Amino acid sequence: KIYESGIMEFPKSAELYGWYAIFLHGVRKEYDKAEEYYKKALELDPNLAATTGSYANFLHSVRKEYGRAEEYYKKALELDQNMANTTGNYAQFFLIKGDKEKGKEYINKAFTFNIDDNKSLLVELWFYRYAHFPEWYEEGYKRLLELVKNGARSIGWNLKPNIEQAKKDGHPHIDLLYKFDKIITEDAPIDVLDK
């Protein structure tokens, strides 16, 4: 109701349309309506980097339109190269396609930003490292454990495609990936790791 009244009062606010689209996408799961608001936001201001990145994520995760998603990820990072969340999302985009080199490049880039206070992004990035890179298994597990014990979560984020790719790649601890996924995305209690 607040978004809707805000949009009625400020019908030319691309930011309001964009944030409402993110809300409809991530919270309400009203995907058709979310896409309508993403498009309206980008029609009003095609240079909104955050909305462009969020729309890329929507196209990737909801619509499975990978070509269009990649176009929007690229555009978002052209508009603002310092967007840590979009950089992390672009890393996941490559990882679940099986492109580990590109995924690693974007994970490493995301870690160059000042993200210490962005616990949801940190826990996602360490999950990606633990899920996809054998050289990070040991440290990745320790970092994930520390982050989830300190309350780091990314509620509603979809880590399952990473687990599916990790299975294909022969990850030795798929059970732990599922348990971390449950804690990170559903706020399950930490003791699921003991079961």
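All of these numbers come straight from a predicted model, not from anything done at the bench.

Peer 1: Help me understand the overall build of the protein, please; the structure alone is not making it clear to me.
Peer 2: The helix and strand tally for the protein stands at eleven helices and zero strands. Ordered by position from the N terminus, the helices and strands of the protein form the series α-α-α-α-α-α-α-α-α-α-α. Its C-alpha atoms give the protein a radius of gyration of 17 Å, near enough to 16 Å, the size a compact globule of 195 residues would have. Its C-alpha atoms put the protein at 50 × 35 × 30 Å along the principal axes.

Peer 1: Would you take a moment to explain the environment of Asn118 for this structure?
Peer 2: Along the chain, Asn118 falls in the loop between helix H7 (100-111) and helix H8 (119-132). In this structure, the C-alpha to C-alpha distance between Asn118 and Lys168, residues 50 residues apart in sequence, is 30 Å. A distance of 3.3 Å separates polar atoms of two side chains, one belonging to Asn118 and the other to Asn85.

Peer 1: Could you clarify how one ought to interpret the nonpolar core in this entry?
Peer 2: Side chains that are nonpolar tend, in soluble globular proteins, to be buried together. Phe127, Tyr128, Leu144, Leu177, Phe180 and Ile184 are the most contacted members of the largest nonpolar core, which has 60 residues in total. In terms of residue count, the dominant contributor to this core is H8 (nine residues). When neighbours within four sequence positions are excluded, Leu144 is seen to be in contact with Val123, Trp126, Phe127, Tyr130, Phe180 and Ile184.

About the cut-offs
- Residues numbered from 1 in each chain as written.
- Predicted model: local features only at pLDDT ≥ 70, side-chain atom pairs only at ≥ 80, totals over all residues.
- Heavy atoms only, no water.
- Helix = DSSP H or I, 4+ residues; strand = E, 2+ residues; numbered from the N terminus.
- Rg over C-alpha atoms; globule rule 2.2 N^0.38 Å.
- Polar contact = N/O pair within 3.5 Å; in protein donor to acceptor, adjacent residues only side chain to side chain.
- Core = buried A, V, L, I, M, F, W, Y, C linked by side-chain atoms within 4.5 Å.
- Buried < 20%, exposed > 50% of the residue type's maximum accessible area, 1.4 Å probe, protein only.
- Contact = heavy atoms within 4.5 Å.

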